[in-house]
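An overview of the molecular structure
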Amino acid sequence: MLFRREDFILANKNLPQFPEPYWRESVNLPSFPSLKETIKADVAIVGGGITGITTAYLLSKQNLQVALIDAGVLLNGTTGHTTAKITAQHGLIYDELIQHFGLDQAKLYYEAAMDAKESIFKIMKALNIDCDYKEEDAYIYTNSNSYVSQIEKEKKSYDSINITSELKEDIPLDIPVKSVLVMKNQAQFHPLKYLKALIDASVENGVTFYENTTAVDLEYNKEPAVITREGHRITSKYIVSASHFPFYDKSSFYFSRMYPERSYVIAVKAKESFPGGMYINTESPTRSIRTTTYNGEELWLIGGENHKTGQGKSTMTHYEELQKFAEKHLTVTDYVYRWSAQDLTTLDKLPYIGPITKSEESVFVATGFRKWGMTNGTQAAQIIADKIIGKENPYTSLFTPSRFQSDPSLKKFMQINADVAKHLIKGKLEYTENNLDKLAPDDAVITRIHGKRTGVYKDENEKLHMVDTTCTHMGCEVEWNGGDRSWDCPCHGSRFKINGEVIEGPAKRPLEKREI
Ligand code: FES
C-alpha cells in the first residue's frame, strides 16, 4: 500500500495537516519530570487520563500518598481526544442490557453514569472550575427504517428504568431523521480545563506526577511494585492500572476480551448557529455532533467513522467522510482541528473496573469504556477509590472484571479471536514489494528489505524511518495509519510511532528498527 501526501492534500482541501485535539491546544497543562529513582507510595497509578487523575484526586483527599506515572504526557491519550459528552445515553444500550442482564442491572448501569455526571458537577463546584460545563439534552436518532423499531424498544427500556426521555420525529438540525430518542438533562464540558484543575488540586494535596515514565511490569514482594522501563520501582499498597489497555495482565487475557476501535473528529466553524443538544445516530457510519466555544465563536465537533484499529481503508478517508458530511449539512467556513481516538469495547459492552483478578486485593484495572469515558472513567475512579478506602460502592459487582456472562460474552469472544487469527495469518501471507524510489515525503510504504517485511516512512526531510512491521505483542503485522502517522496493529490495537516506540499497548516493547 502506498499513500501519497499530495493525494490527501487535494482531497482534504482545508483540513489541518496534522492531527491535534482542540482540548489540548486550548489549555496550558503543567509538565512533570520522569521518575528517576525508586520510590514508595500508598497508591501507584499508571495512566494520566480521566480515570487516573480523578482517582489520584479522590485518594489525595483521603490523605493517601499517591504517585501517578504516564508513559507520555498527561491527558494525551483517549481523554485528550474525546468528544467529552457527559451522558448516560451510551448509544442504543438499555434494551440490550435488559435482555442480557435484567432490568435491575440495566438500571444500575444508568445510575452509575448519572452518578458520575453528578460527581463531575460536584467536583467542578467544589474546586470552582470554569470548564464550559453546560447541561444539554442527548439525542440518539436514525434515518434508517431498520432502526426505527430499535429506537422504540429503547424508549420502552428508558420508561422501565424511569429515564426522563422523549420520542420524537425530528431534531433541530438540518439532517433528515425518521425517529429520535431524547435523554433529558445530560451535559458537556471542556474535559482538559476540568482535569487540569484536578491535577492542580492533587499536586496541592501531595500527589506526585511523573511523565515519560513507562510501566512495563508489576512485581510482587511484600507489597506489589510497578517496574518502569528504566528499572525504577514504585512500591505501594495498591496499584491502579488506568492506562487504557492494562499495562499488566496477570494471565487475565484482557487482550482477548476486548477489541480496539478508532474514531475521528473534525472541528468546524460554520455560518449556522447551533440549536443546542448533543447528537449521535444509530446506524453506520456513526455521526456524533456537539459544539464548544472557540475564541468566542461556536465550533462544531463532528465525529464518527469508527473502525477496528489497523483495519480498513486509508485513515485519511475517514476525515474526508466527516468533511463531506459537514459540507452537506452546514455552510462550513473553516476546518480548525482534526483528531482521532482509540477506544476499547469489552465482550459484554460493560467496562472492566475492579480487582485485576478475582483473588486480587491490591491491583485494580479500569478499561473498556466503549467511547463513554467521561462517565465510565469518573465512575471507575470512584469505585476504585472506594475499594481502597474500604467504602461500599453500589456499582462494584456490575463492573467487576472477573464476571463472565456466557451470553453474549462467549459469542463475542469467539468473534474477536477469530478476527485476530485471521489478521495474524493475513499479514504474514501478504505480498509486499513496494518500490522505495516512488515514496514521496510524508508517505509510508510496507515493503521487503533483505527479505523481511519492513515499514518505511519518509519524513519531510526525506529521511527514511524503517521498522520491522511485526507487532511486539503477539506477532501480527502492523499497518500504516496515514491520518495519525503511526503503525497500528489490527489484532489488539497496539500503536507505534514512526521510530517504532509504543504509543499504546498492549505491546510494551517498540517495533524493531531496520536499516537498509
Ligand atoms: Fe496484539 Fe499486536 S496488539 S499482536
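Residues numbered from 1 in each chain as written. Predicted model: local features only at pLDDT ≥ 70, side-chain atom pairs only at ≥ 80, totals over all residues. Heavy atoms only, no water.

Secondary structure summary: the chain contains 11 helices and 24 strands in total. In terms of overall dimensions, the chain is globule-like: its C-alpha atoms have a radius of gyration of 22 Å, near the 24 Å expected for 516 residues. Projecting the C-alpha coordinates of the chain onto the three principal axes gives extents of approximately 65 × 60 × 50 Å. In the chain, buried positions account for 60% of the 516 residues. Pairs at least 24 residues apart make up 70% of the contacts formed inside the chain by residues separated by at least 6 positions. Split by element, the accessible area of the chain, about 21,100 Å² in all, is 48% carbon and sulfur. (Helix = DSSP H or I, 4+ residues; strand = E, 2+ residues; numbered from the N terminus. Rg over C-alpha atoms; globule rule 2.2 N^0.38 Å. Buried < 20%, exposed > 50% of the residue type's maximum accessible area, 1.4 Å probe, protein only. Contact = heavy atoms within 4.5 Å. Areas by Shrake-Rupley, 256 points an atom, 1.4 Å probe, with all protein chains shown as cover.)

On to the sheet that holds strand β21 (residues 479-481), then. Reading across the sheet, the 4 strands line up as β21-β22-β23-β24 and stay open at both edges, with antiparallel pairing between neighbours. This sheet does not close on itself; its edge strands, each paired only once, are β21 and β24 (502-504). (Pairing = 2+ DSSP bridges.)

Another aspect to go through is unusual backbone geometry. Geometrically, the link from Ser 284 to Pro 285 is a cis peptide bond, its omega value of 0° lying close to zero. Relative to the helices and strands, Pro 285 resides in the loop between β12 (278-281) and β13 (287-294). The linkage connecting Gly 505 with the following residue, Pro 506, adopts the cis geometry, with an omega of 25°. With respect to the helices, strands and loops of the structure, Pro 506 is situated in the segment after β24. Here Asp 132, not a glycine, exhibits a phi torsion of approximately 55°, which is positive. Its location among the elements puts Asp 132 in the loop between α5 (103-126) and β4 (134-142). For Asp 132, a relative accessible area of 27% puts it in the partly exposed group. One non-glycine residue, Glu 462, lies in positive phi territory at about 65°. With respect to the secondary-structure elements, Glu 462 resides in the loop between β19 (452-458) and β20 (464-468).

Attention shifts here to helix α9 (residues 373-389). Relative to the 24 Å expected for 17 residues at 1.5 Å per residue, α9 spans 23 Å between its end C-alpha atoms, a close match to the ideal helical length. Most of α9 sits inside the fold, with 14 of its 17 residues counted as buried. Downstream of α9 by one or two residues, Gly 390 has phi in the positive range, about 75°. (Expected span 1.5 Å × (residues − 1).)

Attention shifts here to the pairing of strand β10 (residues 233-241). For strand β1 (residues 39-46) and β10, the ladder comprises 7 bridges, and the chain directions are parallel. Considered in β10, the bridge of Val 43 is made with Tyr 238. Pairing analysis gives 3 bridges linking strand β9 (residues 224-228) to β10, with the strands arranged antiparallel. Residue Ile 227 lies in a different strand from β10, and its bridge partner there is Arg 233. Taken together, β9 and the strand that follows it, β10, pair antiparallel across an intervening segment of 4 residues, in which Gly 231 is found at a positive phi of about 90°. With 3 bridges connecting them, β10 and strand β17 (residues 363-367) associate as parallel partners. Paired with Ile 239 across the two strands is Val 363, which belongs to β17.

Glancing now at the state of the cysteines. Counted by the stated rule, this structure contains 1 disulfide. The disulfide partner of Cys 476 is Cys 491, and the gap between their sulfur atoms is 2.0 Å. Measuring the twist about the S-S bond at about -85°, one finds the Cys 476-Cys 491 disulfide to be left-handed. Placement of the pair is Cys 476 in the loop between β20 and β21 and Cys 491 in the loop between β22 (486-488) and β23 (495-496), with a sequence separation of 15 residues. For the pair formed by Cys 476 and Cys 491, the shared burial category is buried. (Disulfide = S-S within 2.5 Å.)

This part is about the nonpolar core. Ranked by internal contacts, the top residues of the largest apolar core, which has 83 residues, are Tyr 94, Phe 189, Tyr 194 and Phe 399. Among the elements that line this core, the one with the most residues is α5, at 9 residues. (Core = buried A, V, L, I, M, F, W, Y, C linked by side-chain atoms within 4.5 Å.)

Here the chain averages 90 in pLDDT, while 91% of its residues score no lower than 70. pLDDT under 50 marks residues 1-12. Its contacts with residues more than four places away, or in other chains, come to 32 contacts. (pLDDT = per-residue confidence, 0-100.)

For any two aromatic rings, the description comes down to two numbers: the centre-to-centre distance and the angle of the planes. Per the counting criterion, the structure on display carries 22 aromatic pairs. Measuring from ring centre to ring centre gives 5.8 Å for Tyr 94 and Tyr 158, while their planes differ by 80°; the resulting arrangement is edge-to-face. Of this pair, Tyr 94 sits in helix α4 (residues 94-101) while Tyr 158 sits in helix α6 (residues 145-161), and the two are 64 residues apart along the sequence. Residues Tyr 94 and Tyr 158 agree in their burial class; the two are buried. Taking the centre distance of 6.0 Å and the plane angle of 85° together, the rings of Phe 274 and Tyr 279 count as edge-to-face. Of the two residues, Phe 274 and Tyr 279, neither departs from the other in class, the shared state being buried. In this structure an aromatic cluster arises from ring pairing among Tyr 22, Trp 23, Tyr 294, Tyr 337 and Trp 339. Over the face of the ring belonging to Tyr 352 we find Arg 257, whose NZ or CZ atom lies 4.5 Å from the ring centre. Taking the ring centre of Tyr 319 as reference, the NZ or CZ of Arg 338 above it sits at 4.6 Å. (Phe/Tyr/Trp six-rings, centres within 6.5 Å; stacked < 30°, edge-to-face > 60°. Lys NZ or Arg CZ within 6 Å of the ring centre and 35° of its normal.)

Right, let's get into the side chain of Thr 378. In this fold, Thr 378 is placed in helix α9. With near-sequence residues (within four places) excluded, Thr 378 lies in contact with Ile 50, Ala 116, Ser 119, Ile 120 and Gly 373.

Two elements in contact, α4 and α6, have axes whose closest approach is 8 Å; the angle formed by their N-to-C orientations is 70°. In terms of orientation, α4 lies roughly perpendicular with respect to α6. Between α4 and α6, the residues in contact are Tyr 94, Asp 95 and Ile 98 and Lys 153, Glu 154, Ser 157, Tyr 158, Ser 160 and Ile 161, respectively. When its residues are assigned to classes, the contact of α4 with α6 shows 4 nonpolar, 2 polar and 3 charged. (Axes fitted to C-alpha atoms, helices over the stretch in contact; angles between N-to-C directions. Parallel < 35°, antiparallel > 145°, perpendicular 65-115°, else oblique. Nonpolar A, V, L, I, M, F, W, Y, C, P; charged D, E, K, R; others polar.)

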